[in-house]
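# Reading the structure
These are the residues of each chain, in order.
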Amino acid sequence: MPGAANEEQPKAVLTYEGWFSLHATYRINFQMWQSWTVTERKAALLEFKRFIADLEKEHEAHKSSYALYNASGEKGDLLLWILQPTLEEVNAVKTRLHKLKIAAVLEATSSFVSVIEVSNYMQFDINHPRVQERLYPKIPRLRYMCFYPMSKKREQGDNWFMTDRAERGRMMRSHGQIGRKYEDVIKEFTTGACGLDDWEWGITLMSDDVVQFKKIVYEMRFDEVSARFGLFGSFTVGTLLDDQSLTALFA
Ligand code: 76R
C-alpha cells in the first residue's frame with residue numbers, strides 16, 4: 001500500500017505533473033523568405049503574428065503559456081516553448097504553426113516533448129501557491145532563455161536510480177540550496193520526459209542577465225548530483241522576441 005507507515009519507502013519519488021510542454025527550434029530559410037514578394041511576406045508575417053497573439057491571449061488568461069526567443073548560434077533561429085494543459089493541445093498548436101504560410105520557410109532543427117514536473121524530495125503542500133505556480137507557470141518575459149535536456153547516470157557505481165532514497169534526498173537538498181541562491185536572477189522550470197522523449201528531463205532557465213546561466217550551470221557542476229550523475233544534451237540559448245524584434249528578424 002503506498003504510503004503505509006511501516007513499509008519501505010518506494011524508490012521512485014512521487015512526482016506531480018502540470019502542463020505539457022514542447023520545446024522546438026526552427027531555422028528560417030531567409031533566402032526563400034526574401035524571394036517572396038513584399039505582399040506575400042507581409043501576409044505571412046501578419047498571419048504568424050496572429051498565431052502569436054492567440055497564444056498571448058491564452059497566456060494572459062492563464063489557460064496555457066508560451067515563449068518565443070531568437071536562438072543563438074547555428075542550432076536554429078526561433079526557439080519556441082509551448083505549454084498546454086494536454087498533449088493534444090500541444091500537438092494542435094504545432095499543427096497550426098505548420099499550416100501557416102510562414103512554415104514554408106521554417107525547418108525544425110530540434111524538438112523536445114515533456115511535462116512540467118515537481119518531485120517531492122522535500123515535503124510540500126501540493127495546493128501551495130508556489131507549487132501551483134511551478135506546475136502551471138505564466139512564463140516570464142525575461143530577456144534570455146536557456147534550454148537543455150538532461151538525464152541522470154545509470155552506470156555501475158554511479159546509478160541514480162539505484163541510489164538509496166535518503167541519499168538522493170540529501171543530494172537534492174544540496175542541489176536546491178544552490179538553486180535558491182539564484183532565486184532573484186533566474187527562473188527555473190523542470191519538465192520530465194521519461195517515456196516522452198530521448199532524455200529524462202528538460203531544464204528551462206530564464207533571466208535578464210545571460211551570464212547567470214553560465215554561473216548556475218558551472219556552480220552546479222561542482223555539486224554532487226550534477227558532478228556524479230548529470231548527463232547533458234544540447235544547450236540552446238536565445239534572446240527574447242517581442243513584436244518589434246520579430247518584425248526586425250523578418251525584415
Ligand atoms: O526544494 C528543494 O530543496 C529542491 C527543489 C528542487 C527539485 C526537486 C530543485 C530546485 N530542483 C529539483 C529537481 Mn533543479 N535544476 C536542475 C538544473 O545544470 C545542472 O547541473 C542541472 C540542471 C538546474 C540549473 C536546476 C535549477 N532539478 C531537479 C531535477 C529532477 C531531479 C530528480 O527528480 O531526480 C533535475 C534534473 C534538476 C536539474 N533547481 C532548483 C534549480 C533551481 C534554480 C532550483 C531552486 C528553485 C526554487 O526553489 O525556486
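As the structure is a computational prediction, the values presented were derived from the model and not from experiment. (Residues numbered from 1 in each chain as written. Predicted model: local features only at pLDDT ≥ 70, side-chain atom pairs only at ≥ 80, totals over all residues. Heavy atoms only, no water.)

### Some points on the confidence of the model for the chain
Note that predicted coordinates carrying low pLDDT should not be read in detail. Here is the rule we go by: On a range of 0 to 100, pLDDT expresses the predictor's confidence in each residue. Between two residues, a contact is recorded if the distance between any of their heavy atoms is within 4.5 Å.
For the chain, the average pLDDT comes to 96, and 96% of its residues sit at 70 or higher. Predicted confidence for residues 1-7 stays below pLDDT 50, and this span has one contact to residues more than four positions away or in other chains.

### Describing the coordination of the manganese atom of the ligand
The criterion, for reference: A donor here means an N, O or S atom no more than 2.8 Å from the metal, or no more than 3.2 Å when the metal is Na, K or Ca. Since water is not included, a site may seem to lack partners. Per the convention used, a helix needs a DSSP run of H or I reaching at least four residues, while a strand needs a run of E reaching at least two, with both numbered from the N terminus.
A lone protein donor contacts the manganese atom of the ligand, and this donor is His 175 (NE2), found at 2.1 Å. For His 175, the position within the fold is in helix H5 (residues 165-181).

### Let's talk about helix H3 (residues 87-99)
So the rule is basically this: Given a helix with a known number of residues, its expected span is that number minus one, times 1.5 Å. Whether a residue is buried, partly exposed or exposed follows from its accessible area with a 1.4 Å probe, protein chains only, as a fraction of its type maximum: under 20%, in between, or over 50%, in that order. Arc definition: it is the arc formed by the directions from the helix axis to the C-beta atoms.
The end-to-end C-alpha distance of H3 is 18 Å, a good match for the 18 Å that 13 residues give at a rise of 1.5 Å each. Within the sequence span of H3, burial applies to Val 90, Val 93 and Leu 97. Burial along H3 is one-sided: seen end-on, the buried residues are contained in an arc of 60°. Facing away from the buried side of H3, by more than 90 degrees, are the exposed residues Glu 88 and Lys 99. Packed against the buried residues of H3 are strand S1 (15-28), helix H2 (38-60), strand S3 (78-84) and strand S4 (106-119).

### Structural notes on the nonpolar core
What counts is decided by this rule: To form a nonpolar core, buried Ala, Val, Leu, Ile, Met, Phe, Trp, Tyr and Cys residues must be joined to one another through side-chain atoms within 4.5 Å.
Residues Phe 48, Leu 68, Leu 78, Ile 102 and Phe 250 are the most contacted members of the largest nonpolar core, which totals 28 residues. Where this core is concerned, the elements lending two or more residues are S1, H2, strand S2 (65-71), S3, H3 and helix H8 (243-249). Beyond its immediate chain neighbours, meaning those up to four positions away, Leu 78 contacts Ala 24, Thr 25, Tyr 26, Ile 28, Phe 48, Leu 68, Tyr 69, Ala 71, Leu 106, Leu 241 and Leu 249.

### Some thoughts on the environment of Leu 106
Residue position: Leu 106 is located in strand S4. By relative accessible area, Leu 106 is classed as buried at 14%. Each C-alpha atom, one on Leu 106 and one on Asn 29, is 6.3 Å from the other, the two residues being 77 residues apart in sequence. For Leu 106, the residues in contact, after removing those within four places along its chain, are Tyr 26, Arg 27, Ile 28, Leu 78 and Leu 97.

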